[in-house]
Amino acid sequence: MNALKHLEILVQGYPQLKATKRKIEQAFYSIAKSYTNGGKLLLCGNGGSACDCEHIAGELMKGFLLKRPLTEPEKQTLNGFGAEGNLLANNLQRALPVLVLSGLPGLSSAFGNDVDPKLVFAQQAYAYASSRDVLLAISTSGNAENVYLAAYAAKSRGASVIGLTGRSGGKLKEICDIIVDVPQAETYLVQELHLAVYHSLCIMLEEHFFGRDEKY
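In this text the structure is predicted, and so the values were computed from the model without any measurement. (Residues numbered from 1 in each chain as written. Predicted model: local features only at pLDDT ≥ 70, side-chain atom pairs only at ≥ 80, totals over all residues. Heavy atoms only, no water.)

Enquirer: Can you walk me through the sheet that holds strand E4 (residues 160–165) in this structure?
Expert: Each strand in a sheet pairs with its neighbour through backbone hydrogen bonds, running either in the same direction (parallel) or in the opposite one (antiparallel). Taken together, 5 strands build an open sheet; the order of strands is E2-E1-E3-E4-E5 and the sheet is parallel. Single-partner strands in this sheet number two, and they are strand E2 (98–100) and strand E5 (178–181). Averaged over all pairs of adjacent strands, the angle between their axes in this sheet comes to 15°, without regard to strand direction. In this sheet, E2 lies alongside strand E1 (residues 41–44) in parallel orientation, the contact comprising 3 bridges. Note on E2: the bridge partner recorded for leucine 43 is valine 100. Of the strands in this sheet, strand E3 (134–138), E4 and E5 are in contact with helix H10 (residues 187–210), which crosses E4 at around 135°. (Pairing = 2+ DSSP bridges. Helix = DSSP H or I, 4+ residues; strand = E, 2+ residues; numbered from the N terminus. Axes fitted to C-alpha atoms, helices over the stretch in contact; angles between N-to-C directions. Contact = heavy atoms within 4.5 Å.)

Enquirer: I'm lost on helix H1 (residues 5–13) in this one. Help?
Expert: Every α-helix carries 3.6 residues per turn, so stepping three or four residues along brings you back to the same face. Among the residues of H1, His6, Leu7, Leu10 and Val11 are the ones counted as buried. Looking straight down H1, one finds that the buried residues subtend no more than 135° of arc, so they occupy a single side. In H1, the exposed residues that point more than 90 degrees away from the buried face are Lys5, Gln12 and Gly13. Packing partners of the buried residues in H1 comprise helix H2 (21–36) and H10. (Buried < 20%, exposed > 50% of the residue type's maximum accessible area, 1.4 Å probe, protein only. Arc of directions from axis to C-beta.)

Enquirer: Hey, could you run me through the environment of histidine 55 in this one?
Expert: Along the chain, histidine 55 turns up in helix H3 (residues 48–60). Among the residues examined, histidine 55 registers a relative accessible area of 28% and is labelled partly exposed.

Enquirer: Hey, could you run me through the pattern of salt bridges in this one?
Expert: Where side chains of opposite charge bring their charged atoms close, a pairing between them can arise. Counted by the stated rule, this structure contains 8 salt bridges. The residue lysine 40 makes a salt bridge to aspartate 133 at a minimum N-O spacing of 2.7 Å. In this pair, lysine 40 sits in the loop between H2 and E1 while aspartate 133 sits in the loop between helix H7 (120–128) and E3, placing the two residues 93 residues apart along the sequence. Assessed through its relative accessible area of 2%, aspartate 133 is described here as buried. The closest approach of N and O atoms between glutamate 206 and arginine 68, which form a salt bridge, is 2.9 Å. Separated by 138 residues along the polypeptide, glutamate 206 in helix H10 and arginine 68 in the loop between H3 and helix H4 (72–79) bring together distant segments of the chain. Note on glutamate 206: relative accessible area 0%, which makes it buried. (Salt bridge = Lys/Arg side-chain N within 4 Å of Asp/Glu carboxyl O.)

Spelled out as structure tokens, the structure:
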């Protein structure tokens, strides 16, 4: 299935997302370009949005709808390490690399205590981001200070920034290269649409990079 067909499936199931269809498509192309060029996806958000970041990592770092076995050359390299290598070769999966900035509690608590808690995501974005990368900044309001400060830090390193927000877009709207502003304002309703959007993005990315190996 062509990856973009999943956008049609998305808007059929969630007609209210039709107005954001083009923005979701742009987000897909931006992330796909990053991965094609050897980049990675950075993610940040608070509370439920932090959980969404972990959810996205779970879909991209392992098989989601596809199994993603290693290629034969990759397996052969691992098979050279004996029984342990065979175990790895037969069970590891190809991944799309993701870094979730709400992880590393030791670093986050140290930087928050020693410097400034609202800059914890920004510190990591500045350290990790490169011109090949994308930061997906998730905030239902678009106004989470630690999130939009991370967006500035990532952009200063040359990374592209995608915002996933509610209707207003908030401050993220002024910073991001692409803003996917779903048409809701109440937090839980925004989050429900965010789930549908990022599931579709993950499916599209998986289909784009691994769909030639296995069909639905």
